[in-house]
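# Structure at a glance
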Amino acid sequence: MIHKSKFIFIVIILFFMIKTGYSQSQEIDSLKMVLETEIPDSSKIAILEKLAYIYSSESAEIAKEYIGEAIILSEKLPNKRQHIETLLMASKISRISGDYENSISFGFLALNISDSLDFKNKIAKSSKYLGISYYRIKNFEKALQFHKKALELYIILENTLYQADCYTNIGVVYDERGEFDTAIEYYNKALIIYEKENELSGMADIYNNIAGIYYQKHENDKIIDYMNKALEIKRQMNDKIGISYTLINMGGVYGQIGSFEKGVENIKEGIEIAVEINLLPLINVGYEALFELYTNNKDYKNAYGYYKLYSQTKDSLFDIETSKNIQELQTKYETEKKNSEIKELKIQQIKDEELQKLFIIIIIALFIIAVLVFVFLRQKAKMNIILKEKNIELEQLTKTQNRIMSIISHDLKAPLSAFYSITNSLKTKFDKIERTEIDRYFGRMLNSALALKMQLENMLNWSVGQSRKIRVKKSDFNLLVLSYKVVMILQEFANEKSIIIENNIDENIEVKTDGKLLSIVLNNLISNAIKFSQSESKIIISAKQESEKVILSIKDFGIGISQNDAENLFTDTEISVKNENSGTGLGLVVSKDIVEKLGGKITVKSELKKGTEFFIEL
């Protein structure tokens, strides 16, 4: 059956990957051991198909090898039904791996053999598989053709449950094409059979699909009605996962149609069930749904609380996934190495393009000078003024290009070199170092990547500012929530130096600003504070409301700067390659441009060896 998720229904893929990862590993080892023993070809084919199916969602190449061996063995068997089934399994595995071309090819091979031997049941199954594959590549005409062919055969064979399966698949195709009335007609045909056969799972799927149609048609009462029907069946089946995600989805729908209290009630019940069965991905989704619901209702205190819970569960999911990824690190190393080489090539390409632009600018400038010289022969006085202006413009352009090239050669080279050094160390020492040491390496890699990302973003924002193309889109933001999101991104960077970040912003302070642009400024200032702070120190973020203005402060207790240097911090003429720890100062220039675009101003107060405090007035 084609499973269609119509709006906010949740697929708990990560959960099952985590829960089944270890048991699958044991199963793979057991199957490989059996495969090496003397067993009949039919048993060997079954094991090869099982291995291919397990690998289909992780390594398409390995899955292809196992199913290829199974096809070769099955072709030699006198039992042609077995060969057809193996071809259909190859079609299914290719479809799971996203290789739809091979999925369709294997489907046609199975169909042709079934047709030649008049195996109606296999013809019907092959047609159904082809219909699903054509649906995946959005060839809806072909999908309908094969699903209807399968339906005709299952009617002849009097297989009612497979008929219901076909009605559902046809309904999904019409649903995808936007022919909702026809889709509902086929869904109802399937529903009649499922009700007669008491097939609860099929009934629940149909109710969910119909709810999805009414969601697209904005018929809110019918959405809730069909979701309640699906929920009732999930409760009858004691399907706690289904009950949980259906309740969370219903809560989201209630929130959208203005039933805030009902929405909160449903989501909280869904989370309670997810906690009971320890389903972390669904708990995370539930907290996110509550955060969005309270935010839309302007209850920022509760929104902030649930956002913290959402962030914590998201971090836990990340830790679980990272643990799994470490086991696969060796096999993926070569890919990462190639990606690193590609990045280096791209940086070199950027350098070449900048040089080419500089060359073009010089040619254009020379052409302008030549024209001015010609004019000078006719109007000497006017020529002197124009020539002076053009020379100043050319000098500024050259300085700008030189600064860009200096920034690229220094601030991008350093984090890339660090990243290369760390990954090279991992390669040579991986089998000898402890888990804690691996975690430290990953922390350093993350910091290098973060430094590279921030410098690239600052260069882009600076170049946009130079061309006066910064666009401001203001709306209302809760300052605590906005700043918390930035801190979450930089927390690992701070943890590396055991720096505590205190966020003392009052939860009731709101600002009308461009959240994306203000986040860039906060990112730059907090990153600088971490960079120039001593280990085991702290950074304090605070804000106060003064009349119609908000003054935001980021204070560190680091090395500080002299008053003379502080006065030049926000000047783009000071952008240059400095020592390894100081950087270019580009981030502060970008921050000043952005704050001024937002209608505010930025100032700094600093004292050597005592720390620095930046003030943003909005």
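Residues numbered from 1 in each chain as written. Predicted model: local features only at pLDDT ≥ 70, side-chain atom pairs only at ≥ 80, totals over all residues. Heavy atoms only, no water.

## Considerations on the overall build of the protein
Each helix and strand counted, the protein has 22 helices and seven strands in total. Across the 618 residues in the protein, those meeting the buried criterion constitute 43%. The contacts of the protein with a sequence gap of at least 6 include a subset with a gap of at least 24, amounting to 65%. With an accessible surface of roughly 33500 Å², the protein has 52% of that area assigned to carbon and sulfur atoms. (Helix = DSSP H or I, 4+ residues; strand = E, 2+ residues; numbered from the N terminus. Buried < 20%, exposed > 50% of the residue type's maximum accessible area, 1.4 Å probe, protein only. Contact = heavy atoms within 4.5 Å. Areas by Shrake-Rupley, 256 points an atom, 1.4 Å probe, with all protein chains shown as cover.)

## Quick word on the confidence of the model for the protein
Low-pLDDT stretches of the model should not have their predicted coordinates read in fine detail. Averaged over the protein, the pLDDT score is 81; the fraction of residues at 70 or greater is 80%. Confidence drops under a pLDDT of 50 for residues 5-22, and excluding neighbours within four residues, the segment shows 39 contacts in the predicted structure. Here residues 576-581 is modelled with pLDDT under 50, and outside its nearest four sequence neighbours on either side it reaches 12 contacts, counting other chains as well. (pLDDT = per-residue confidence, 0-100.)

## Focus: the packing of helix H3 (residues 60-76) against helix H4 (residues 80-96)
At their nearest, the axes of H3 and H4 sit 9 Å apart, and the two run at 165° to each other. Here H3 lies roughly antiparallel to H4, going by the angle between them. Note that H3 runs across H4; the crossing there is left-handed. Across the interface between the two elements, Ala63, Ile67, Ala70, Ile71, Ser74 and Glu75 from H3 touch Lys80, His83, Thr86, Leu87, Met89, Ala90 and Ile93 from H4. In the contact of H3 with H4, the residues fall into eight nonpolar, three polar and two charged. (Axes fitted to C-alpha atoms, helices over the stretch in contact; angles between N-to-C directions. Parallel < 35°, antiparallel > 145°, perpendicular 65-115°, else oblique. Left-handed = near helix turned anticlockwise from the far one by under 90°. Nonpolar A, V, L, I, M, F, W, Y, C, P; charged D, E, K, R; others polar.)

## Things to note about the packing of aromatic side chains
On inspection of all chains with the given rule, the structure shows 16 aromatic pairs. Residues Tyr307 and Tyr310 carry aromatic rings whose centres are separated by 5.9 Å and whose planes lie at 55° to one another, so their mutual orientation is tilted. Taken together, the residues Tyr307 and Tyr310, both in helix H15 (residues 300-327) and three residues apart, mark about one turn of the helix. By the burial criterion, Tyr307 is buried, and Tyr310 matches it. Seen from their ring centres, Tyr307 and Tyr484 are 5.8 Å apart, and the 80° between their planes marks the pair as edge-to-face. Residue Tyr307 is found in helix H15, and its partner Tyr484 is found in helix H19 (residues 479-495); the two are separated by 177 residues along the sequence. The exposure class assigned to Tyr484 is buried, which follows from its relative accessible area of 13%. Positioned over the ring face of Tyr129 is Arg95, at 5.3 Å from the centre of the ring. Across the ring face of Tyr226, the terminal group of Lys229 is positioned such that the distance to the ring centre comes to 4.6 Å. (Phe/Tyr/Trp six-rings, centres within 6.5 Å; stacked < 30°, edge-to-face > 60°. Lys NZ or Arg CZ within 6 Å of the ring centre and 35° of its normal.)

## A short note on a nonpolar patch on the surface
On the surface, Ile360, Ile364, Phe367, Ile368 and Val371 cluster together to form a nonpolar patch covering roughly 430 Å² of accessible area. Assignment of secondary structure puts Val371 in helix H16 (residues 329-376). (Patch = residues over 30% accessible without salt bridge, like charges linked within 9 Å, V, L, I, M, F, W, Y side chains within 5 Å. Salt bridge = Lys/Arg side-chain N within 4 Å of Asp/Glu carboxyl O.)

## Regarding the side chain of Glu613
Tracing the chain through its elements places Glu613 in strand E7 (residues 611-617). Among buried charged residues, Glu613 stands out as having no salt bridge; its nearest opposite-charge side chain is Lys605, 4.3 Å away. Residues contacting Glu613, with those up to four places away along its chain left out, are Ser553, Ile554, Lys555, Thr603, Val604 and Lys605. (Lys, Arg positive; Asp, Glu negative; His and termini not counted.)

## Re the pairing of strand E5 (residues 549-556)
Taking burial as the measure, the eight residues of E5 include six buried ones, the bulk of the element. Pairing geometry for strand E4 (residues 538-546) and E5, over eight bridges, is antiparallel. Bridging from a neighbouring strand, Ile539 pairs with Asp556 of E5. Once E4 ends, the chain turns through two residues before running back antiparallel as E5, passing Ser547 with a positive phi of about 60°. (Pairing = 2+ DSSP bridges.)

## A closer look at the pattern of salt bridges
For the structure on display, the rule yields 20 salt bridges. Residues Lys120 and Asp118 are paired through a salt bridge, measuring 3.3 Å at the closest nitrogen-oxygen approach. Residue classification places Asp118 among the partly exposed positions, given a relative accessible area of 49%. Put simply, Glu219 and Lys217 hold a salt bridge, and the shortest N to O gap is 3.9 Å. For Glu219, a relative accessible area of 26% puts it in the partly exposed group. Linked through salt bridges whose partners overlap, the residues forming this network are Asp181, Lys217, Glu219 and Lys222.

## Side note on the nonpolar core
Membership of the largest hydrophobic core comes to 62 residues, with the highest contact counts inside it found for Leu479, Ile526, Ile530, Leu552 and Ile554. The element contributing the most residues to this core is H19, with 10 residues. When residues no more than four places from it in sequence are discounted, the contact partners of Ile526 are Val486, Val487, Leu490, Ile501, Ile539, Ile541 and Ile554. Listed in part, the 53 residues of the second largest apolar core include Leu153, Ala164, Ile213 and Leu231. (Core = buried A, V, L, I, M, F, W, Y, C linked by side-chain atoms within 4.5 Å.)

## Things to note about the sheet that holds E4
Where strands meet in a sheet, backbone hydrogen bonds hold them as pairs that are either parallel or antiparallel. Reading across the sheet, the five strands line up as E2-E4-E5-E7-E6 and stay open at both edges, with mixed pairing between neighbours. Each of the sheet's edge strands pairs with one partner strand only, and the pair in question is strand E2 (500-503) and strand E6 (601-607). Within the sheet, the average angular offset between the axes of one strand and its neighbour, ignoring direction, is 15°. In the sheet, E2 pairs with E4 via four bridges, with the strands oriented parallel. Pairing of Glu502 across the sheet is with Ile540, part of E4.

## Overview of helix H7 (residues 140-156)
Taking 1.5 Å of rise per residue, the 17 residues of H7 would be expected to cover 24 Å, and the 24 Å separating its terminal C-alpha atoms lies within 8% of that figure. Here the buried face of H7 lies against helix H5 (100-117), helix H6 (120-136) and helix H8 (160-176). (Expected span 1.5 Å × (residues − 1).)

## Digging into helix H10 (residues 200-216)
If you check H10, its first and last C-alpha atoms are 25 Å apart, about what 17 residues at 1.5 Å a residue would give, namely 24 Å. Taking burial as the measure, the 17 residues of H10 include 14 buried ones, the bulk of the element. His218 sits one or two residues past H10 and shows a positive phi near 60°.

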